[in-house]
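One letter stands for each residue in the lines below.
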Amino acid sequence: MGRAFVYVILGGGVSAGYAALEFVRRGVSHGELCIISNESVAPYERPALSKGYLLPEAAARLPSFHTCVGANEERLTPKWYKEHGVELVLGTGVKSADVKRKTLLTTTGETISYKFLIIATGARALKLEEFGVNGSDAENVCYLRDISDANRLVNAIQSSPGGNAVVIGGGYIGMECAASLVINKINVTMVFPEAHCMARLLTPKIASYYEEYYKSRGVKFIKGTVLSSFDFDSNGKVTDVTLRDGTKLSVDMVVVGIRIRPNTGLFEGQLTLEKGGIKVNGMFQSSNSSVYAIGDVAAFPVKAFGEKRRLEHVDSARKSAKHAVSSIMEPDKTGEFDYIPFFYSRVFTLSWQFYGDNAGEVVYYGDLSASGSTFGAYWVNKGHVVGAFLEGGTREEYEAIAKTTTLRPAVEDLTELERQGLGFAVAV
Ligand code: FAD
């Protein structure tokens with residue numbers, strides 16, 4: 001059994017949805033494009049899962065957040081794919097790939113061949129077992145990567161009214177889930193090994209602003225230690241969490257957000273890997289010229305950093321998708337991808353954006369001690385502004401810091417930059 005397509009997108013997440021829209025805009029014929037996904041729903045905006053999806057009232061549900069609404073573009077429902085002749089093969093995994101023969105073998109036993117393949121397999125959440133702790137299968141232990149994880153989390157929340165949750169991990173998933181749990185009136189203790197939350201991006205000073213805000217909403221922090229083991233009841237539910245520092249906490253539910261790993265397994269030994277992902281050039285082409293990789297799984301050249309990076313963020317997933325499709329369909333008219341990294345988060349009533357690179361000296365502005373204030377920071381490296389963070393900005397102000405990190409203006413006097421604060425970016 002087999003089918004042949006000109007273009008196959010492997011994976012049905014954020015980048016797959018944006019790639020499909022770009023293919024259709026550029027004019028693929030009916031039956032030329034296929035998306036294979038082991039999720040049972042059409043591509044959707046994954047960030048919604050830790051935000052609107054977990055709200056106690058008026059929660060976001062599909063079809064409202066199918067791609068590409070996150071970038072204020074068309075919402076691609078299953079009907080859209082049908083009308084545009086895009087084959088959606090859902091609830092189907094790919095279990096092996098042969099890039100020499102240009103074929104994929106699915107879990108249903110079908111061989112799908114392609115002329116061009118786009119790998120959009122994203123990443124998976126690391127499991128506790130990979131850190132030597134058992135218990136991931138307990139019904140009140142939750143991860144968050146896809147809709148089925150989100151449904152399990154919603155069930156756990158609804159089964160724990162007024163209860164206690166431990167959130168393991170102080171990154172994006174941990175912080176956003178902790179906020180959602182508080183909004184659902186669950187008592188939250190966050191546990192992570194670092195000295196402060198969001199350690200890969202935020203400075204101690206900025207992180208402390210968010211931690212203080214979380215504390216004001218009742219969240220407790222236990223830092224510098226990790227999970228050691230669980231106690232279970234006779235139904236296999238976790239009742240207590242023991243930490244390596246000896247602390248024991250009784251729980252109704254546990255949320256685990258301890259990093260992700262790109263899904264490269266199908267291509268190991270067939271394509272060149274770098275930074276844990278599939279190495280691509282500025283056109284998103286891998287070491288095999290018929291195979292492209294986009295989104296979380298791709299290690300692509302980021303000019304601003306002068307090296308290849310893998311970015312685990314939705315903006316790069318969307319933009320890499322569009323660029324790869326352009327590279328495939330109009331290679332002569334497509335230049336190298338020129339991208340300024342952009343990350344954001346929204347928790348409670350707070351909202352921040354970050355652009356560029358968090359390297360060099362940090363210059364702060366605004367009031368970091370007052371809750372609900374607007375404040376920010378610039379990163380200055382080798383005399384140029386290379387990164388900018390802003391909490392509580394307006395659309396115009398976010399655009400201004402984005403532009404600043406794109407133009408990388410020279411700065412001689414850091415005290416003067418601090419004095420000008422946001423005004424510096426607005427004037428650029
Ligand atoms: P994904 O969207 O993960 O899609 C990968 C797809 O491939 C999935 O459909 C998967 O099932 C499929 N797949 C994998 N292997 C196979 C296989 N062998 N066969 C078939 N299908 C396969 N980023 C931000 O910048 N801001 C945020 O606020 C933010 N919030 C987030 C909240 C959550 C809960 C999560 C999980 C992520 C969040 N992100 C956020 C990150 C962002 O969602 C990702 O960067 C983005 O989804 C990456 O897109 P992708 O297409 O590379 O991967």
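Going by the structure above, here's the rest.
As the structure is a prediction and not an experimental result, all values here were calculated from the model.

Our focus in this paragraph is the overall build of the chain. A count of helices and strands for the chain gives nine helices and 28 strands. In terms of C-alpha radius of gyration, the chain reaches 22 Å, essentially the compact-globule figure of 22 Å for 428 residues. Taken along its principal axes, the extent of the C-alpha atoms in the chain is 65 × 60 × 40 Å. Across the 428 residues of the chain, 55% fall into the buried class. Put simply, of all contacts in the chain between residues at least 6 apart along the chain, 62% involve residues at least 24 apart. For the chain, the centre of its 46 positive side-chain charges and the centre of its 47 negative side-chain charges are spaced 4 Å apart.

A separate point is the environment of Val166. Here Val166 is to be found in strand 11 (residues 164–168). Residue Val166 is classed as buried on the basis of its relative accessible area of 2%. Along the sequence, Val166 and Met190 sit 24 residues apart, while their C-alpha atoms lie 5.8 Å from each other. Residues contacting Val166, with those up to four places away along its chain left out, are Thr189, Val191, Val241, Leu249, Val251, Met253, Val254 and Val255.

Turning next to the packing of aromatic side chains. Applying the stated criterion to the full structure yields 28 aromatic pairs. Between Tyr7 and Phe116 the ring centres are 5.9 Å apart and the planes differ by 20 degrees, which places this aromatic pair in the stacked class. Taken together, the positions of Tyr7 in strand 2 (residues 7–10) and Phe116 in strand 8 (residues 116–119) put the pair 109 residues apart, joining distant regions of the chain. Since its relative accessible area comes to 11%, Tyr7 is described here as buried. Arranged with centres 5.9 Å apart and planes meeting at 85 degrees, the rings of Tyr44 and Phe65 form a pair that is edge-to-face. Of this pair, Tyr44 sits in the loop between strand 3 (33–36) and helix 2 (78–83) while Phe65 sits in the loop between strand 3 and helix 2, placing them 21 residues apart in sequence. An aromatic cluster of three or more residues is present, and its members are Tyr172, Tyr209, Tyr210, Trp352, Phe375 and Phe389. Positioned above the aromatic ring of Tyr143 is the side chain of Lys127, whose terminal nitrogen or guanidinium carbon lies 5.0 Å from the ring centre. The aromatic ring of Tyr364 is capped on one face by Lys205, whose charged end is 4.4 Å from the ring centroid.

In an α-helix, one turn spans 3.6 residues; hence positions three or four apart end up facing the same way. Taking 1.5 Å of rise per residue, the 13 residues of helix 1 (residues 14–26) would be expected to cover 18 Å, and the 19 Å separating its terminal C-alpha atoms lies within 8% of that figure. Within helix 1, eleven of the 13 residues are buried, leaving the element largely enclosed by the surrounding structure. Among all positions of helix 1, only Val14, Ser15, Ala16, Gly17, Tyr18, Ala19, Ala20, Leu21, Glu22, Phe23 and Val24 are buried. Residues of helix 1 that are buried sit in contact with strand 2, strand 3, helix 2, strand 8 and helix 6 (314–329). Downstream of helix 1 by a residue or two, Gly27 has a phi angle that is positive, lying close to 95 degrees.

Side chains of a nonpolar character, in soluble globular proteins, are inclined to be buried together. Counting 134 residues, the largest nonpolar core has Met190, Ile206, Tyr210 and Tyr214 as its most contacted members. At eight residues, the largest contribution of residues to this core is made by helix 1. Apart from residues lying up to four places away in sequence, Tyr214 is in contact with Met175, Glu176, Ala178, Ala179, Met190, Val219, Phe221, Val347 and Phe348. Val133, Val191, Ile222 and Val238 belong to the second-largest nonpolar core, a separate cluster that totals 20 residues.

On to the sheet that holds strand 26 (residues 361–366), then. Strand order in the open sheet formed by five strands is 24-25-28-27-26, with antiparallel pairing between adjacent strands. Each edge of the open sheet carries a strand with a single partner, namely strand 24 (342–347) and strand 26. Direction aside, neighbouring strands of the sheet carry axes that sit 15 degrees apart on average. Contacting strand 24, strand 25 (350–356), strand 26, strand 27 (375–381) and strand 28 (384–391), helix 5 (residues 204–216) runs over the sheet at an angle of about 160 degrees to strand 27.

Cut-offs applied
- Residues numbered from 1 in each chain as written.
- Predicted model: local features only at pLDDT ≥ 70, side-chain atom pairs only at ≥ 80, totals over all residues.
- Heavy atoms only, no water.
- Helix = DSSP H or I, 4+ residues; strand = E, 2+ residues; numbered from the N terminus.
- Rg over C-alpha atoms; globule rule 2.2 N^0.38 Å.
- Buried < 20%, exposed > 50% of the residue type's maximum accessible area, 1.4 Å probe, protein only.
- Contact = heavy atoms within 4.5 Å.
- Lys, Arg positive; Asp, Glu negative; His and termini not counted.
- Charge placed at Lys NZ, Arg CZ, Asp CG, Glu CD.
- Phe/Tyr/Trp six-rings, centres within 6.5 Å; stacked < 30°, edge-to-face > 60°.
- Lys NZ or Arg CZ within 6 Å of the ring centre and 35° of its normal.
- Expected span 1.5 Å × (residues − 1).
- Core = buried A, V, L, I, M, F, W, Y, C linked by side-chain atoms within 4.5 Å.
- Pairing = 2+ DSSP bridges.
- Axes fitted to C-alpha atoms, helices over the stretch in contact; angles between N-to-C directions.

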